[in-house]
Amino acid sequence: MREINASIPFDKALWRQDIAASKAHVTMLAAQDIVSEADASAILGGLDAIAAEYEADGVPEDWDLEDIHMTTESRLAELIGPAAGRLHTARSRNDQVATDFRLWVRDAIDQTLAGLDALQRALLVQAEAHAGSIMPGFTHLQTAQPVTLGHHLMAYFEMVSRDVSRFEDARARMNQSPLGSAALAGTGFPIDRYMTTQALGFDAPTKNSLDAVSDRDFALDYLQAAAQCSLHLSRLAEEFVIWASQPFGFVRMADSLSTGSSIMPQKKNPDAAELVRGHAGRIVGCVTSLMVTMKGLPLAYSKDMQDDKPPVFEAANLLGLSIAAMTGMVADSTFKVDRMRQAAELGYATATDLADWLVTQADIPFREAHHITGAAVKLAESKGIALDELSIEDLKAIDERIDDRVYKALSVEASVAARASYGGTAPDEVRKRVAEAKSALGMDA
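These figures come from a predicted structure and were not determined experimentally.

## Observations regarding the overall build of the chain
Phase 1 of the analysis: Within the chain, the regular secondary structure consists of 19 helices and 6 strands.
Phase 2 of the analysis: Here the C-alpha radius of gyration of the chain, 30 Å, is well above what a compact globule of 445 residues would show, namely 22 Å.
Phase 3 of the analysis: Projected onto the principal axes, the alpha-carbon positions of the chain cover approximately 100 × 50 × 45 Å.
Phase 4 of the analysis: A burial count over the chain gives 50% of its 445 residues as buried.
Phase 5 of the analysis: Taking as baseline every contact in the chain between residues at least 6 positions apart, the subset at least 24 positions apart corresponds to 75%.
Phase 6 of the analysis: When the accessible area of the chain is evaluated, it comes to approximately 20400 Å², of which 53% is carbon and sulfur surface.

## With respect to the pairing of strand E1 (residues 134-139)
Phase 1 of the analysis: With 6 bridges joining them, E1 and strand E2 (residues 142-148) adopt antiparallel strand pairing. Counterpart to Phe-138 in the pairing with E2 is Thr-143.
Phase 2 of the analysis: Linkage of E1 to E2, two consecutive antiparallel strands, is achieved through a turn of 2 residues, within which His-140 is found at a positive phi near 60 degrees.

## What about helix H4 (residues 37-57)?
Phase 1 of the analysis: Between its first and last C-alpha, H4 extends 30 Å over 21 residues, near the 30 Å set by a 1.5 Å rise per residue.
Phase 2 of the analysis: Asp-39, Ala-40, Ile-43, Gly-46, Leu-47, Ile-50, Ala-51 and Tyr-54 are the residues of H4 that are buried. Looking straight down H4, one finds that the buried residues subtend no more than 145 degrees of arc, so they occupy a single side. With respect to the buried face of H4, the exposed residues turned more than 90 degrees away are Glu-37, Ala-38, Glu-55 and Ala-56.
Phase 3 of the analysis: Where the residues of H4 are buried, they touch helix H3 (15-31) and helix H5 (68-80).
Phase 4 of the analysis: One or two steps after H4, the chain reaches Gly-58, where phi turns positive at roughly 85 degrees.

## Structural notes on the environment of Asn-94
Phase 1 of the analysis: Tracing the chain through its elements places Asn-94 in helix H6 (residues 93-129).
Phase 2 of the analysis: Sequence spacing of Asn-94 and Leu-184 is 90 residues, and the spatial spacing of their C-alpha atoms is 7.6 Å.
Phase 3 of the analysis: Among the polar contacts listed, one links the side chain of Asn-94 to the backbone oxygen of Ala-183, at a separation of 3.0 Å.

## A closer look at the side chain of His-69
Phase 1 of the analysis: The residue His-69 is located in helix H5 in this model.
Phase 2 of the analysis: Beyond its immediate stretch of four places on either side in the chain, His-69 contacts Asp-18, Arg-93, Gln-96, Val-97 and Asp-100.

## Some details on a nonpolar patch on the surface
Phase 1 of the analysis: A cluster of nonpolar side chains, Leu-184, Leu-210 and Leu-299, forms an exposed patch at the surface whose accessible area comes to about 260 Å².
Phase 2 of the analysis: In this fold, Leu-299 is placed in the loop between helix H11 (271-294) and helix H12 (309-332).

## Focus: helix H14 (residues 351-361)
Phase 1 of the analysis: The set of residues buried in H14 consists of Ala-351, Asp-353, Leu-354, Ala-355, Trp-357 and Leu-358.
Phase 2 of the analysis: Next to the buried residues of H14 lie helix H15 (366-383), helix H17 (407-410) and helix H18 (412-418).
Phase 3 of the analysis: One or two steps after H14, the chain reaches Asp-363, where phi turns positive at roughly 55 degrees.

## Things to note about the packing of aromatic side chains
Phase 1 of the analysis: In this structure the tally under the stated criterion is 10 aromatic pairs.
Phase 2 of the analysis: Between Phe-240 and Phe-335, the aromatic rings sit 6.1 Å apart at their centres with planes inclined by 55 degrees, giving tilted as the arrangement. Taken together, the residues span a long stretch of sequence, with Phe-240 in helix H10 (residues 217-244) and Phe-335 in strand E6 (residues 334-335) at a distance of 95 residues.
Phase 3 of the analysis: Taking the relative accessible area as the measure of exposure, Phe-240 reaches 0% and is therefore buried.
Phase 4 of the analysis: Relative accessible area serves as the criterion here: at 7%, Phe-335 is assigned to the buried category.
Phase 5 of the analysis: Between Phe-248 and Phe-250, the ring centres sit 5.3 Å apart and the planes meet at 80 degrees, which makes this aromatic pair edge-to-face. Summarising the burial analysis for this pair, Phe-248 and Phe-250 share the class buried.

## A few points about the nonpolar core
Phase 1 of the analysis: Among the nonpolar cores identified, the biggest contains 96 residues, and Phe-167 and Tyr-222 are the most heavily contacted of them.
Phase 2 of the analysis: Sorting elements by how many residues they give to this core places H10 first, with 16 residues.
Phase 3 of the analysis: What Tyr-222 contacts, discounting residues up to four positions off in sequence, is Val-105, Ala-108, Ile-109, Thr-112, Phe-167, Val-312, Ala-316 and Leu-319.
Phase 4 of the analysis: With 20 residues, the next largest nonpolar core counts Leu-354, Ile-392, Leu-395 and Ala-409 among its residues.

## Describing the packing of helix H7 (residues 149-174) against H10
Phase 1 of the analysis: At a minimum axis distance of 8 Å, the contact between H7 and H10 shows a crossing angle of 170 degrees. Between H7 and H10, the crossing angle belongs to the class labelled roughly antiparallel. Crossing of H7 against H10: the hand is left-handed. For the pair formed by H7 and H10, the contact residues are Leu-149, His-152, Tyr-156, Met-159, Asp-163, Arg-166, Phe-167, Ala-170, Arg-173 and Met-174 on the first element and Phe-218, Asp-221, Tyr-222, Ala-225, Ala-226, Gln-228, Cys-229, His-232, Arg-235, Leu-236, Glu-239 and Trp-243 on the second.
Phase 2 of the analysis: When grouped by side-chain class, the residues that make up the contact of H7 with H10 number 13 nonpolar, 3 polar and 6 charged.

## Remarks on the pattern of salt bridges
Phase 1 of the analysis: In the structure shown here, the tally under the stated rule is 31 salt bridges.
Phase 2 of the analysis: The shortest N-O distance in the salt bridge between Asp-39 and Arg-86 comes to 2.8 Å. Residue Asp-39 is located in helix H4, and its partner Arg-86 is located in the loop between H5 and H6; the two are separated by 47 residues in the primary sequence.
Phase 3 of the analysis: We classify Arg-86 as partly exposed; its relative accessible area is 43%.
Phase 4 of the analysis: Of the charged contacts, one joins Arg-433 and Glu-429 as a salt bridge, the two residues approaching to 2.1 Å between their closest N and O atoms. Note that Arg-433 and Glu-429 are positioned in helix H19 (residues 427-440) at a spacing of 4 residues, about one turn of the helix.
Phase 5 of the analysis: Connected through salt bridges with shared partners, the residues Glu-53, Arg-75 and Glu-78 form a single ionic network.

Cut-offs and rules
Residues numbered from 1 in each chain as written. Predicted model: local features only at pLDDT ≥ 70, side-chain atom pairs only at ≥ 80, totals over all residues. Heavy atoms only, no water. Helix = DSSP H or I, 4+ residues; strand = E, 2+ residues; numbered from the N terminus. Rg over C-alpha atoms; globule rule 2.2 N^0.38 Å. Buried < 20%, exposed > 50% of the residue type's maximum accessible area, 1.4 Å probe, protein only. Contact = heavy atoms within 4.5 Å. Areas by Shrake-Rupley, 256 points an atom, 1.4 Å probe, with all protein chains shown as cover. Pairing = 2+ DSSP bridges. Expected span 1.5 Å × (residues − 1). Arc of directions from axis to C-beta. Polar contact = N/O pair within 3.5 Å; in protein donor to acceptor, adjacent residues only side chain to side chain. Patch = residues over 30% accessible without salt bridge, like charges linked within 9 Å, V, L, I, M, F, W, Y side chains within 5 Å. Salt bridge = Lys/Arg side-chain N within 4 Å of Asp/Glu carboxyl O. Phe/Tyr/Trp six-rings, centres within 6.5 Å; stacked < 30°, edge-to-face > 60°. Core = buried A, V, L, I, M, F, W, Y, C linked by side-chain atoms within 4.5 Å. Axes fitted to C-alpha atoms, helices over the stretch in contact; angles between N-to-C directions. Parallel < 35°, antiparallel > 145°, perpendicular 65-115°, else oblique. Left-handed = near helix turned anticlockwise from the far one by under 90°. Nonpolar A, V, L, I, M, F, W, Y, C, P; charged D, E, K, R; others polar.

Keep in mind these values describe shape, not function.
Written out as structure tokens, the structure reads:
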């Protein structure tokens, strides 16, 4: 029972939040004349001393004390004597842990948002630098149309921006204080929940004591946002794995985020990217873990909820590492733009432009234009050349309606420049989106 019941090995991570909430609680108790000023002063001094000990030496693990709450209260009694027992007046471990955990998740969200801000800035710097750098755009990992590297990177900026909004939404929704809900029914002491709410930076006290101590929606909100974010990071990581491979050769990744082989000296492995990709699976597992834990629990608190913290702590650690790794990867990688452009040309990425030209300039129905373009691509493939290297005689042999004007549409530069619709890949359009994003992040100040 001692081993299965103890949570101190993992919930000791809540010590800062536990002490902060305890200080807010005892300050309120004194203001409401529920405890004396002398006892409150002794408790506050003792809590500060304990915080200094934890900061210097870590939190001791005495499994007989079960958790961080009892560990701190026991140490407080050693330091100040019987007055320590007054700290728990008008609260329960149920509302205590619910408050501490909300504070921890809120701090984790703030750290995540800071990390995502750094990643967004790294994406914008590279996107601006490569607004005109041409690369093949893919569908099914097959060359489709030419795009710019800046446009490609800005796609991930948009994904990360939505991740930011999800974390912000989760933070706003969870920023209510459970403190004062006690075990499940509230308390008969004349407490001031608004006072502790304000002291801890919450927007309002929770409105229902049963819900307050049994709710872990805020943790699930965080995990679900973390899981979606990790999927985006994993996709970006996979791009770098592919791009760094020799057949592609689109990017040279920083040595600091790569490793060598134990037997093959020529190898430079994208291990950081692969680990980010792997972390996504573990983070998704953390969401599943907590969802299954919570799915059948009656109101109010059940001991199953002690297992709510390990998946959140694990996901937060993995997500922080993943964001930091991808930020460094984006910022410090060197993109091989000549190789990217060459790949765009070799993949007949301007085939759609030829079809569009036949429709707009030669007044040919699209289905017929599509067939003519297919014949042109087949001929270029047989000759081992790009579409714009076919002679006008070659093109006219396929269809007499083609003339010299077609060459203005067949280069990769012309192709990307033509995609100037809002949100398109045209370099000028990419620069506009980058400028807007930089302004929103305050990077143009």
